[in-house]
Amino acid sequence: MAPEQAQAYLAALVASSEDAIKAKTLDGTVTVWNSAAERLYGYSAAEMIGHSVSIVIPPDLPDELPRILARIARGERIEHYETQRVRKDGRRIDVAVSISPVRDGAGRVIGAATIARDITAERRARRRQEVVARLSRALAEAHDDLGQVLDSVAHAAGAALECGVLVHLPSADGARLDVAALHDPDPEIQALWREMLEQHPQRADRGLAGRVYERAEGELIADYSLDAVRAWAEPAHLTYLPRLRMRSAIMVPARARGRVVGVLGAMRHPPLEAFTREDLAFLQDVADRVGLAIDNARLYVEAQEAARLRDEFLAVAAHELRTPITSVRGGAQLLRRRVRSGQVGREEIDASLAQIDGQSRRLTRLIEQLLDVSRLEAGRLELEPARVDLAALIAEVVAARQARHPEQRVVLRVHEPVEIVGDDLRLEQVVVNLLSNAVKFSPPDAPVDVEVSRGAGEGLVAVRDRGPGIPPEDHEHVFERFYQVDRTRHYGGMGIGLYVSREIVALHGGTISVELPADGGTRMVVRLPLAGSPAAPKESARRG
Amino acid sequence: VAETGPVLVIEDDATIAGIVAGVLGDEGYQVVVARDGVEALERIAAQAPRLILLDMRMPRVNGWEFAAAYRARTEVPAPIVVITAGRDASQKAREIGADAYIAKPFDIDDVVSLVARLVGAP
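Bear in mind that the values here come from a model prediction, so they are computed numbers and not experimental data. (Residues numbered from 1 in each chain as written. Chains lettered and ligands numbered in written order. Predicted model: local features only at pLDDT ≥ 70, side-chain atom pairs only at ≥ 80, totals over all residues. Heavy atoms only, no water.)

**A word on the overall build of chain B**
1) Next: Scanning chain B for helices and strands turns up five helices and five strands.
2) Next: Within chain B, buried positions represent 54% of all 122 residues.
3) Next: Taking as baseline every contact in chain B between residues at least 6 positions apart, the subset at least 24 positions apart corresponds to 62%.
4) Next: Accessible surface, chain B: about 5100 Å² in total, of which carbon and sulfur atoms supply 49%. (Helix = DSSP H or I, 4+ residues; strand = E, 2+ residues; numbered from the N terminus. Buried < 20%, exposed > 50% of the residue type's maximum accessible area, 1.4 Å probe, protein only. Contact = heavy atoms within 4.5 Å. Areas by Shrake-Rupley, 256 points an atom, 1.4 Å probe, with all protein chains shown as cover.)

Below you can see the structure in the form of structure tokens.
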């Protein structure tokens, strides 16, 4: 091929190349600039040829061009070098360049030929994958410091998207979306953004965040303008929003087990480009992992709380079990001392043994109560329901108690039979629990009132004492497992009587509640569906 | 400290109170029993004890409250022995500045020797 023919082929190849091809002298003056280079950098060949190539080099990389030219001058080639360049419109792009020395006929290096490819999208995707992978690892662990985790999420997602990132968590009552983390590359905007949300908290039913929270769907506002958001923005935020210099915004829900547990927002400032659907998908990807982290943190706190409660319960249970054991052991030891010293008669031996027997029974009852708790937790406490006259059942329980403890005054008011469907042994357990609580907290000599009556479709049992009452803040807790209103004062018990009672009543389709009569004390009210009402349990085939 | 006063047993469990009072009575000590801190302060007002055996968790006035009230109104308080079925009997004893502690369940021989060590023979 003749040299001029080869030249023509080469020129055609350069002109039609998909990759940007450019050449420069050793002092950086552009000599070749193909049309792909025009598209990549935004400068035309006319604008570049004869001028320094340094105009496309970012100002923060001042050493790069001299270094490259020095290596080329030594005759070296530079292969797939990844760096950044600045387009005519000011946008930064990631490029991969390969640079070769150009020699004259005598073999002297006279310039550099460069092939450049735009790898912005590739690099962004890679960076985002890294962010997501790093977040996945960090978020998959259980954390007790969710705030710190969300803060690092805001930083990482902000770096990947070149934007500010906000993480909202709903307040306990669900009315507000509180700020859990907030980060913006511009510190002034970050401060203003935080001030806006602190002075005027985001309501859960207002603004873009509220809309995303309610609809559980991500939103992209590619070209942000005040007019676009004015209709539904928080009015108090309108004075701040222009100063936040928003170019483009995204809000996505953080979901866990089908519920929205948070909202992530991203906002980008000029001169950066608008967010794309791809950016929205990326932030949603991050938000899905954040949802898991929020859920994990909640489970972690719950697990710790459960462990703490269990520890406390074990301490209380141990205390309760040690008391009858002390009586059994001390009673037996005292009896032996007296038998050895011969100072004891038959009657006293009999009384001591009866006491030891009674304390052993008390231990058995405590263990039964503990087993009830584990049966309830495992859902294995089963009723054997039959028709029961609640009035007769309670009269029996009260009479039996009066026979054993004639010193306690229990006033029973029963007007008529109250027929329900229930397990008589379990119902008896409930009434015994309520009665012993009432007696335990009553001042000496104060009567305990027990009332059985019929209401609309339900039977009602009320046990009322004249003790110190239950503080209102404890009302919802007294039925919780292991809960005791005052642990420093010993009234006996393990904090499970009301829990077990409530569960038994619920198995009967009924309810149990606390009332505070105006003239003092506590009134516990059990409501059970009457026989024949739809809420009543089915009668068992086994008994009754 | 009253050299001759009774040993005051403050314990809300009647059976345990009876056992402690029984064994100390057999040894020749004079024993008074109170069901809780309120009753204990009444008994003390009637007769100063030489030693107090104190249960911590009781209804009404508990062990902590009793110890504070007793020391506030007594110039030369009697030694106090904490008796508890809870965790950390020694810690509870330190908390109220007690002289000794007995963890439930206990051996009655240990109660007898501790009382003898603190106040001597009956």
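**Concerning empty space enclosed by the protein**
Residues and elements named next belong to chain A.
1) Next: In this structure the tally under the stated criterion is four cavities of 30 Å³ or more.
2) Next: What the largest cavity holds in volume is close to 290 Å³.
3) Next: Residue assignment for the lining of the largest cavity shows that the elements contributing at least two residues are β6 (164–170), α7 (187–199), α8 (207–215), β10 (248–256) and β11 (259–268).
4) Next: Residues that form the lining of the largest cavity fall into these classes: 18 nonpolar, five polar and one charged.
5) Next: Estimated volume of the second largest cavity: approximately 70 Å³.
6) Next: If you go around the second largest cavity, the residues you meet are Lys22, Lys24, Val53, Val56, Ile57, Leu65, Ile68, Arg85, Val97, Ile99 and Thr114.
7) Next: Every element with two or more residues in the lining of the second largest cavity is listed here: β1 (20–25), α4 (64–73) and β4 (92–103).
8) Next: Grouping the constituent residues of the lining of the second largest cavity by class yields seven nonpolar, one polar and three charged. (1 Å grid on protein atoms, 1.4 Å probe; cavity = no way out; pocket = protein on both sides within 12 Å on 5 of 7 lines; lining within 4 Å. Points joined across faces, edges and corners; volume = space filled by probe spheres on them. Nonpolar A, V, L, I, M, F, W, Y, C, P; charged D, E, K, R; others polar.)

**Re the sheet that holds β11 of chain A**
Residue and element names in this part refer to chain A.
1) Next: One open sheet accounts for six strands, arranged β8-β7-β6-β11-β10-β9; its pairing is antiparallel. Each having just a single partner strand, β8 (202–203) and β9 (219–221) make up the two edges of the open sheet.
2) Next: Note: β6 against β11, five bridges, orientation antiparallel. Along β11, the bridge assignment pairs Val165 with Ala266.
3) Next: Strands in contact with α7 are β6, β7 (176–183), β8 and β11; relative to β7, the strand with the most contacts, it is inclined by about 165 degrees.
4) Next: Seen against the sheet, helix α10 (residues 277–340) touches β6, β9, β10 and β11 and runs at an angle of roughly 35 degrees to β10. (Pairing = 2+ DSSP bridges. Axes fitted to C-alpha atoms, helices over the stretch in contact; angles between N-to-C directions.)

**Quick notes on the pairing of strand β2 (residues 31–34) of chain B**
All names here are of chain B.
1) Next: A one-sided burial pattern is seen for β2, the buried positions being Val32 and Ala34 and the unburied ones Val31 and Val33.
2) Next: Strand direction decides the pairing type here: strand β1 (residues 7–10) and β2, joined by four bridges, are parallel. Bridging from a neighbouring strand, Val7 pairs with Val31 of β2.
3) Next: As a crossover connection, the stretch from β1 through helix α1 (residues 14–27) into β2 is right-handed. (Right-handed = clockwise from strand over helix to strand, strands pointing away.)

**Quick word on the interface of chain B and chain A**
1) Next: Contacts between chain B and chain A engage 29 residues on the former and 28 residues on the latter.
2) Next: Taking both partners together, chain B and chain A bury about 2500 Å²; carbon and sulfur atoms supply 48% of that area.
3) Next: Summed over the shared surface of chain B and chain A, the result is five salt bridges.
4) Next: One salt bridge connects Arg338 of chain A with Asp26 of chain B, and the closest N-O pair in it is separated by 2.6 Å.
5) Next: Summed over the shared surface of chain B and chain A, the number is 10 residue pairs in polar contact (both at pLDDT 80 or more).
6) Next: Every element with two or more residues in the side of chain B that touches chain A is listed here: α1, α3 (63–73) and α5 (108–119) of chain B.
7) Next: Tallying contributions element by element places α1 of chain B first for the side of chain B that touches chain A, with seven residues.
8) Next: Tallied by class, the residues present in the side of chain B that touches chain A amount to 13 nonpolar, four polar and 12 charged. (Buried area = accessible area lost by both parts, 1.4 Å probe. Salt bridge = Lys/Arg side-chain N within 4 Å of Asp/Glu carboxyl O. Polar contact = N/O pair within 3.5 Å; in protein donor to acceptor, adjacent residues only side chain to side chain.)

**A look at the packing of aromatic side chains**
Ring pairs (aromatic) are described by centroid distance and by the angle formed between their planes.
1) Next: Within the structure shown, the criterion is met by two aromatic pairs over all chains.
2) Next: Centroid distance Trp33 of chain A to Tyr41 of chain A: 5.2 Å. Interplanar angle 40 degrees. Geometry classified as tilted. You'll find Trp33 of chain A and Tyr41 of chain A in the same group, each marked buried.
3) Next: Seen in terms of ring centroids, Phe66 of chain B and Tyr70 of chain B are 5.6 Å apart; in terms of plane orientation they differ by 5 degrees. Their pairing is stacked. Placement of both Phe66 of chain B and Tyr70 of chain B in helix α3 is noted, with a separation of four residues, approximately one turn of the helix. Tyr70 of chain B shares its class with Phe66 of chain B; the two are buried.
4) Next: We note Arg128 of chain A situated over the ring of Phe282 of chain A; from NZ or CZ to the ring centre the distance is 4.9 Å. (Phe/Tyr/Trp six-rings, centres within 6.5 Å; stacked < 30°, edge-to-face > 60°. Lys NZ or Arg CZ within 6 Å of the ring centre and 35° of its normal.)

**What to know about helix α14 (residues 497–507) of chain A**
All names here are of chain A.
1) Next: The complete set of buried residues in α14 reads Gly497, Leu498, Tyr499, Val500, Ser501, Ile504 and Val505.
2) Next: Tucked into the core, α14 has its buried residues touching α11 (346–377), α13 (424–441), β17 (511–515) and β18 (523–529).
3) Next: Just downstream of α14 lies Gly509, where phi reads positive at about 80 degrees.

**Looking at the side chain of Arg87 of chain A**
1) Next: Along the chain, the position of Arg87 of chain A falls in the loop between β3 (78–86) and β4.
2) Next: Apart from residues lying up to four places away in sequence, Arg87 of chain A is in contact with Arg39, Leu40, Tyr41, Gly42, Tyr43 and Ile93 of chain A.

**Quick word on the pairing of β7 of chain A**
All names here are of chain A.
1) Next: Judged from the six bridges that link them, β6 and β7 form a sheet pairing that is antiparallel. Across the sheet, residue Pro170 finds its bridge partner in β7, namely Leu177.
2) Next: Hairpin connection from β6 to β7: five residues lie between these consecutive antiparallel strands, with Gly174 at a positive phi of about 75 degrees.
3) Next: Pairing between β7 and β8: two bridges, direction antiparallel. Bridge pairing in β8 places Arg176 opposite Arg203.

**Details of the packing of α10 of chain A against α5 of chain B**
1) Next: In contact at an axis separation of 9 Å, α10 of chain A and α5 of chain B are set at 75 degrees when each is read in the N-to-C sense. Overall, the two elements α10 of chain A and α5 of chain B adopt an arrangement that is roughly perpendicular. Residue-level contacts link Gly330, Gln333, Leu334 and Arg337 of chain A of α10 of chain A to Ile108, Asp109 and Val112 of chain B of α5 of chain B.
2) Next: In terms of residue class, the contact of α10 of chain A with α5 of chain B is made up of three nonpolar, two polar and two charged. (Parallel < 35°, antiparallel > 145°, perpendicular 65-115°, else oblique.)

**Thoughts on the pattern of salt bridges**
Residues and elements named next belong to chain A.
1) Next: This model, assessed by the stated rule, comprises 53 salt bridges over all chains.
2) Next: Between Arg375 and Asp372 there is a salt bridge whose closest N-O contact spans 2.8 Å. Of this pair, Arg375 and Asp372 both sit in helix α11, three residues apart, which is roughly one turn of the helix.
3) Next: Here Asp372 falls in the buried class, since its relative accessible area comes to 4%.
4) Next: Linked by salt bridges that have partners in common, Glu82, Asp94, Arg123 and Arg126 make up one network.

That's the geometry; what it means functionally is another story.
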